[in-house]
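# Overview (structure and organization)
Each chain, written out:
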Amino acid sequence: MAENIVEKKEQEEVKEELDLSAIDEICAEYKGRKGATIPVLQKVQEHYGYLSKEMVDRIAENLNMSPHTIYGVITFYAQFYTTPRGKYVIRVCRGTACHVKGSGRISEVVTEEFGIKNGETSSDLKFTLEEVSCIGACGMAPVIMINDKTYGNLTPEKAREIFREYAKKDD
Ligand code: FES
């Protein structure tokens, strides 16, 4: 199912089509303020869903910083993403309790349904799979989150039904 995975080339194409003018507006709000980098990155990511090289260059230009310094911030904080992410981010807990109760099989169901593995995004930009460590709901293991919604006590079959419901949602 490799064709379902967002290839680097496709990601470049997505980037090229984007209108980056919102970045200028966001940076204008923070210009000259101390500690502007993180809030600017958060706002830009909120707007575009991720932070591409072109976006980082534009931010750097606006804030009079080097892109290198900005990348330093992006790589330090796990909240920032440099590739497009799906509309629905499926987080499958791979902590011990969930692992013991078969969360590995649930990840496989995601792969079967959408052709994506851990860290990958489907080519229609609808789903991203992220395997994460304990999300603090071990009593309901195995647990997944889809965006901010939590689903527990799953079986592979139940998970598959939930994924198919999301796949049917509006595009
Ligand atoms: S191990 Fe999955 S919620 Fe704790």
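First, a word on what this report is: a plain description of the structure on this page. Since this is a predicted model, take the numbers as computed values, not measurements. (Residues numbered from 1 in each chain as written. Predicted model: local features only at pLDDT ≥ 70, side-chain atom pairs only at ≥ 80, totals over all residues. Heavy atoms only, no water.)

### Some points on the packing of aromatic side chains
Applying the stated rule across the entire model yields seven aromatic pairs. Their ring planes at 75 degrees and their centres at 5.0 Å tell us that tyrosine 88 and tyrosine 166 sit as a pair that is edge-to-face. Separated by 78 residues along the polypeptide, tyrosine 88 in strand β1 (residues 88-93) and tyrosine 166 in helix α8 (residues 156-168) bring together distant segments of the chain. For tyrosine 166, a relative accessible area of 7% corresponds to the buried category. Taking the centre distance of 6.1 Å and the plane angle of 65 degrees together, the rings of phenylalanine 114 and phenylalanine 163 count as edge-to-face. (Phe/Tyr/Trp six-rings, centres within 6.5 Å; stacked < 30°, edge-to-face > 60°. Helix = DSSP H or I, 4+ residues; strand = E, 2+ residues; numbered from the N terminus. Buried < 20%, exposed > 50% of the residue type's maximum accessible area, 1.4 Å probe, protein only.)

### Some details on the pairing of β1
Successive residues of a regular strand alternate their side chains across the two faces of the sheet. Most of β1 is tucked away: five of the six residues are buried. Alignment of β1 against strand β2 (residues 127-132), held across six bridges, turns out to be parallel. Note that in β2 the partner of cysteine 93 across the bridge is valine 132. Sheet analysis places β1 next to strand β3 (residues 144-146), joined by three bridges and oriented antiparallel. In the strand pairing of β3, isoleucine 90 is matched with isoleucine 146. (Pairing = 2+ DSSP bridges.)

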